[in-house]
Amino acid sequence: MTEKALPVAVIGAGPVGLAAAAELLERGLTPIIFETGETAAAAVASWGHIRLFSPWQYDVDTAARRLLTGTGWQEPDAETLPTGAELKKQYLQPLAGVPAIAAALHTSTRVLAVSREGLDKTCSAGRDSTPFLIRTRGGDGTVTDYRARAVIDASGTWHTPNPLGQAGLPAIGEAEAISAGLITGPLPDVAGRDRARFAGKHILVVGAGHSAANTLLELGTLAEQEPGTRISWAIRSTSAAGVYGGGDLDGLPARGALGSRLRALVEGGQIQLHTSFTITGFKVSDTLAVLGTTPSGEKQLDVDLLVPATGFRPDLGMLREIRLDLDPAVEAPRELGPLIDPEFHSCGTVEPHGAKLLSHPEKDFYIVGMKSYGRAPTFLMATGYEQVRSIAAALAGDQRAADDVQLVLPETGVCSTDLGSSCDAPADGGPVDSCCAAEPDPELAAASCCGAPEPAAEPAPAAACCSAPEPKFLGIPTGLAHGRSAQPGA
């Protein structure tokens, strides 16, 4: 089989991986898809109880929509906000069931390594024209090698959460606490399947992003129903303002309501907030002692259970034999890194990017989706769709379409970051003044931790400057390069 007749390997069958398959098929290319889970979108099922901020009209990839047309698929109501479970059942599952995708999908198949057939990383002669070799392990333990003409890594970061300790390292005793079941996985289903684990307990949530906010709100509801349920919240920054967002001024009502509800629980005393708290260690017994440093000295929090919400990082182990060019700070493709560095940017300030910015020295190899952002904490699902559209065009030889990338964001959306996942220095997420973008486009918008694109707010006059924010507007408008470096005390 000639190299051009080989399939394009897609690693991961989440929203972006399945969109990549749809884009490839539309371009006349053949995908082969590897998914670690037993079904497509297995990671989405893990946060199935979480409701997205964006309605259905922004959650479906355009090529995937065209592929589903004629299969009997009923597109959900455009204005409804889906949960993760609904996203999987009503969109991703039908998409994975389209015959052309189903025939290419290998579930319960973990990719162990990606390389070039017969060549390790040090060999250069003929490298660009040599097929990729993808080594996998199936559910029965069988190891199989596959050949591919190109590789799109959409494997995500769900299985590699950031550690809870300082300096990017696990805290002393963290592994033991996880083994003892005193630290949960990310985004537990507090009100559903995990309810009994949380009811009547003292729960500590660690993190300063939308993941933390969702869990805290669920715990607040549980505490109203289950006597004895106590909630603590620890963040490294000096203020929770960035999590509260823009309230009524947020261009996305669902997201603004989330922040307003969380603020009310904290100010009402239902949630005990610990700011400027850096975890240094854990002591395990029947309960969990969480040791930390604060500006006033050492502090210990004694809790029954800890929920981590400190973001994720990429697992690059399987790419050891691939020639990567990564930004040294965020571990994203080098040219993309400066555009998403949380020191200077938020989800609302990312420039359009596709195959060109996502390329590596390894020809026809791309990292896309959440994993393409490396350690940068905020990713847009809409960005992933545009990434794979551009890459499919490039692989099909349509460079003009590949270079014509667009990422349209709302003018007044508010972005969040999991501040606990990176710098230990405290940051005050206070308001930042800015001017509105001159040419807003309401097509697409920013996303939650779960990666959902969102609709834009009503655009302001083109030449006007934003009015000064009200005292309680503590979010950050999109279109403004801010990041941690622009926050007082960062």
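This one's a predicted model, so the numbers in the text were calculated from it and none came from an experiment.

**Student:** Please clarify how the pattern of salt bridges should be interpreted in this entry.
**Tutor:** Pairing between side chains of opposite charge can happen when their charged atoms approach one another. Under the criterion given, the structure shown has 16 salt bridges. The closest approach of N and O atoms between Asp153 and Lys371, which form a salt bridge, is 2.7 Å. You can see Asp153 sitting in strand S7 (residues 150-153) and its partner Lys371 sitting in the loop between strand S15 (365-367) and helix H13 (381-395), a full 218 residues away along the chain. The buried category is assigned to Asp153, whose relative accessible area is 0%. Since its relative accessible area comes to 2%, Lys371 is described here as buried. A salt bridge links Arg195 to Glu226, with the nearest nitrogen and oxygen atoms 3.3 Å apart. Placement of Arg195 in helix H7 (residues 195-198) and of Glu226 in the loop between helix H8 (210-225) and strand S9 (230-234) is noted, with a sequence separation of 31 residues between them. Given a relative accessible area of 25%, Glu226 falls into the partly exposed group.

**Student:** How do you make sense of the pairing of strand S8 (residues 202-206) when you look at a structure like this?
**Tutor:** The side chains of a regular strand alternate, residue by residue, between the two faces of the sheet. By the criterion of burial, S8 is predominantly enclosed, with five of the five residues buried. Neither face of S8 is left uncovered, since the one carrying His202, Leu204 and Val206 and the one carrying Ile203 and Val205 both have all their residues buried. Bridge count for S8 against S9 is five bridges, and the pairing is parallel. Among the inter-strand pairings, Ile203 is bridged to a residue of S9, identified as Ile231. Where the polypeptide runs from S8 across H8 and back to S9, its parallel neighbour, the crossover connection is right-handed.

**Student:** What is the right way to look at the sheet that holds S15 in this model?
**Tutor:** Spatially, S3-S2-S1-S7-S15 is the arrangement adopted by the five strands of the open sheet, whose pairing is parallel. This sheet does not close on itself; its edge strands, each paired only once, are strand S3 (105-106) and S15.

**Student:** Is there a simple way to think about the confidence of the model for the protein in this case?
**Tutor:** Of all residues in the protein, 78% have pLDDT values of 70 or greater, and the mean over the chain is 82. In this model residues 409-490 is a low-confidence stretch, pLDDT under 50, and it forms 216 contacts with partners more than four residues away in sequence or in other chains.

Rules used in this analysis
Position numbers for residues count from 1 along each chain, tracking the sequence in the order it is written. Predicted model: local features are reported for residues with pLDDT of at least 70 only, side-chain atom pairs are reported and counted for 80 or more only, and whole-chain, interface and lining totals are derived from all residues. Note that the side-chain values use all heavy atoms of the structure and ignore hydrogens as well as water. Here a salt bridge means any side-chain nitrogen of Lys or Arg lying within 4 Å of a carboxyl oxygen belonging to Asp or Glu. Secondary structure follows DSSP: runs of H or I at least 4 residues long count as helices, runs of E at least 2 residues long count as strands, and numbering of each begins at the N terminus. Each residue is assigned to one of three classes by its accessible area relative to the maximum for its type, calculated with a 1.4 Å probe on protein chains only: buried under 20%, partly exposed between the two thresholds, exposed over 50%. When DSSP finds two or more bridges between a pair of strands, those strands are recorded as paired. Place the viewer so that the strands point away; then a crossover is right-handed whenever the path from the first strand over the helix to the second strand goes clockwise. Note: pLDDT gives the predictor's confidence per residue, expressed from 0 to 100. Should any heavy atoms of two residues lie within 4.5 Å, those residues are counted as being in contact.

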